[in-house]
Amino acid sequence: MKIFADTANLQDLEELMSWGAIDGVTTNPTLLSREPGDPLETLKKICELVQGPVSAEVVSTDWQGMVKEGKKLAQLDDHIVVKIPMTVDGLKATRILTAEGIRVNMTLIFTPTQALLAAKAGATYLSPFIGRLDDISSYGMDLIADIMTILDNYDYDVEVLVASVRHPMHVLEAAKIGAPIVTVPPKVLRQLIHHPLTDIGLKKFLEDWKKVGKEIR
Ligand code: E4P
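Since this is a predicted model, take the numbers as computed values, not measurements.

What counts, and at which threshold
- Residue numbers restart at each chain and count upward from 1, following the sequence in its written direction.
- Where totals are concerned, whole chains, interfaces and linings use all residues; where local detail is concerned, this predicted model gives features only for residues with pLDDT of at least 70, and gives and counts side-chain atom pairs only at 80 or more.
- Hydrogen atoms and water are omitted, and side-chain values are computed over all heavy atoms in the structure.
- We call a residue near a molecule or strand when any one of its heavy atoms sits within 4 Å of it.
- A 3.5 Å cut-off defines polar contacts: any pair of N or O atoms within that distance qualifies, except that in protein one atom must be a possible hydrogen donor and the other a possible acceptor, and neighbouring residues in sequence count only when both atoms are side-chain atoms.
- Only the protein chains shown count as cover for residues, and the accessible areas themselves come from Shrake-Rupley with a 1.4 Å probe.
- Using a grid of 1 Å spacing that covers the protein atoms alone, one calls a set of points a cavity when a 1.4 Å probe fits there but cannot get out, and a pocket when the set is open and has protein on both sides within 12 Å along at least five of seven lines; lining residues are those with an atom within 4 Å of a point.
- Criterion for pocket placement: a molecule counts as inside a cavity or pocket if more than half of its atoms are within 2 Å of its grid points.
- Classification of residues uses two cut-offs on accessible area relative to the type maximum, computed with a 1.4 Å probe and protein chains only: under 20% is buried, over 50% is exposed, and between them is partly exposed.
- Strands here are runs of E lasting at least two residues and helices are runs of H or I lasting at least four, both read from the DSSP assignment and numbered beginning at the N terminus.
- Only strands that DSSP links by at least two bridges are regarded as paired with each other.
- Crossovers are described as right-handed under a simple rule: with the strands pointing away from the observer, the path leading from the first strand over the helix to the second runs clockwise.
- Grid points are joined across faces, edges and corners, and a volume is the space filled by probe spheres set on the points.
- Nonpolar residues are Ala, Val, Leu, Ile, Met, Phe, Trp, Tyr, Cys and Pro. Charged residues are Asp, Glu, Lys and Arg, and all others, Gly as well, are polar.
- Here the arc refers to the set of directions running from the helix axis out to each C-beta atom.
- Every residue pair with non-hydrogen atoms within 4.5 Å of one another is taken to be in contact.
- Whether two aromatic rings pair depends on their centres lying within 6.5 Å, for rings of Phe, Tyr and Trp, where Trp uses its six-membered ring; planes under 30 degrees apart make the pair stacked, over 60 edge-to-face, and the rest tilted.

K.L.:
What should I look at first to understand the site of the ligand in this one?
P.N.:
The environment of the ligand is made up of Asp6, Thr26, Asn28, Lys83, Phe129, Arg132, Ala163, Ser164 and Arg166. Here Lys83 contributes a side-chain N or O atom positioned 2.6 Å from an oxygen atom of the ligand. Here the ligand loses 85% of its free accessible area of 340 Å² to cover by the protein chains. One can see that the ligand is located within the largest pocket.

If you want it as structure tokens, here you go:
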């Protein structure tokens with residue numbers, strides 16, 4: 001399973017990359033709006049740090065504007081994947097950008113049939129938002145399972161990127177059903193590591209080793 005970091009924060013990314021477990025990054029206009037400085041410069045720095053797919057989202061809503069912005073974003077760095085919202089114009093822009101060899105991550109997917117159309121338009125990644133579905137009492141992980149069933153039936157060259165992840169159970173469930181990619185906020189990535197029994201176990205090992213009174217050199 002590939003794990004992407006769902007953040008535009010450079011300090012967080014520097015730390016997360018040192019773990020050796022992060023394969024890419026997803027950003028969106030909200031995440032970039034929280035960071036200081038020019039967002040396009042931030043995206044360039046993220047690409048340098050990560051050296052994997054980095055999703056950067058367009059903000060136009062008409063296909064012509066999306067194509068223009070998508071090309072501009074793609075020129076920032078070879079690692080950029082253009083994030084396009086799931087609308088009619090988004091599908092048109094996806095078809096045009098992918099025909100030019102620009103990778104597209106189709107975002108704001110909330111139904112399996114939206115995912116099917118995005119796959120047909122040539123998207124490289126599909127981003128179904130599970131947390132936002134859970135927020136409105138709809139089981140987000142069902143959407144992932146449905147999309148994966150559909151993709152298993154056919155031969156689209158596309159990967160499901162589980163998005164809007166809110167807690168460790170989302171990551172666990174996505175892994176259990178074999179989702180190829182999950183994008184996870186830094187806070188949840190840290191939650192994946194911590195366990196009280198690990199802390200207690202380590203404390204005891206260190207206390208016992210102290211009794212030995214020897215350094216490892
Ligand atoms: C990532 O691609 C999405 O933009 C992000 O996961 C959305 O998460 P949220 O629903 O917690 O804002």
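Next comes the rest of the description.
K.L.:
Which parts of the structure should I look at to understand the pairing of strand β6 (residues 125-128)?
P.N.:
As a general feature of sheets, a regular strand has side chains that alternate between the two faces. Because side chains alternate across β6, one face comprises the buried residues Tyr125 and Ser127, and the other comprises Leu126 and Pro128, equally buried. Sheet topology note: the strand β5 (residues 104-109)/β6 ladder contains 3 bridges and is parallel. Within β6, the residue paired with Ile109 across the bridge is Pro128. Crossover connection from β5 via helix α6 (residues 112-121) to parallel β6: handedness right-handed.

K.L.:
I'm lost on the layout of surface pockets in this one. Help?
P.N.:
Taking a probe equal in size to a water molecule and rolling it over the atoms shows the remaining empty space. Size it by volume and the largest pocket reaches roughly 440 Å³. In terms of lining residues, the largest pocket is bounded by 24 residues, among which Asp6, Asn28, Leu31, Arg34 and Pro185 are the most central. Elements represented by at least two residues in the lining of the largest pocket include exactly α2 (29-33) and α10 (186-193). For the lining of the largest pocket, the element with the most residues is α10, which contributes 3 residues. Across the lining of the largest pocket, the residue classes tally to 8 nonpolar, 8 polar and 8 charged. Estimated volume of the second largest pocket: approximately 190 Å³. In terms of lining, the second largest pocket is formed by 13 residues, of which the most central are Leu32, Leu40, Glu57, Val59 and Leu73.

K.L.:
Mind showing me how you'd approach unusual backbone geometry here?
P.N.:
Most peptide bonds take the trans configuration, and most residues that are not glycine carry a negative phi. Residues other than glycine seldom take positive phi values, yet Gln51 does so here, at roughly 50 degrees. With respect to the secondary-structure elements, Gln51 resides in the loop between α3 (39-50) and β3 (54-57). The backbone of Ser164 shows a phi angle near 60 degrees, a positive value even though the residue is not glycine. The residue Ser164 is located in the loop between β7 (159-162) and α9 (168-176) in this model.

K.L.:
When you look at the pairing of strand β4 (residues 80-85) in this model, what are you seeing that I'm missing?
P.N.:
Of all the 6 residues making up β4, 6 are buried; the element is thus mostly covered by neighbouring parts of the structure. Neither face of β4 is left uncovered, since the one carrying Ile80, Val82 and Ile84 and the one carrying Val81, Lys83 and Pro85 both have all their residues buried. Strand direction decides the pairing type here: β3 and β4, joined by 4 bridges, are parallel. When the bridges of β4 are listed, Ser55 appears paired with Val81.

K.L.:
Looking at this structure, I do not really get helix α1 (residues 10-17). What am I missing?
P.N.:
Side chains three or four residues apart in an α-helix point the same way, a direct result of the helix having 3.6 residues per turn. Residues Leu13, Leu16 and Met17 constitute the buried set of α1. Seen along its axis, α1 keeps its buried residues to an arc of 95 degrees; they face one direction. In α1, those exposed residues whose orientation departs by more than 90 degrees from the buried face are Gln11 and Glu14. Check the buried side of α1 and you find it contacts β1 (2-6), β2 (24-26), α3 and α10. Where α1 begins, the capping side chain belongs to Asn9, and its oxygen is found 3.1 Å from the backbone nitrogen of Gln11.

K.L.:
Got a minute to help me understand the packing of aromatic side chains in this structure?
P.N.:
Given two aromatic rings, their pairing is described by the distance between the two centres and the angle made by the two planes. Counted under the stated rule, the structure contains 3 aromatic pairs. Relative to Phe129, the ring of Phe110 lies with its centre 5.7 Å away and its plane at 65 degrees, an arrangement referred to as edge-to-face. Here the residue Phe110 occupies a position in the loop between β5 and α6, and Phe129 occupies one in the loop between β6 and α7 (130-135), the gap between them amounting to 19 residues. Note on Phe110: relative accessible area 28%, which makes it partly exposed.

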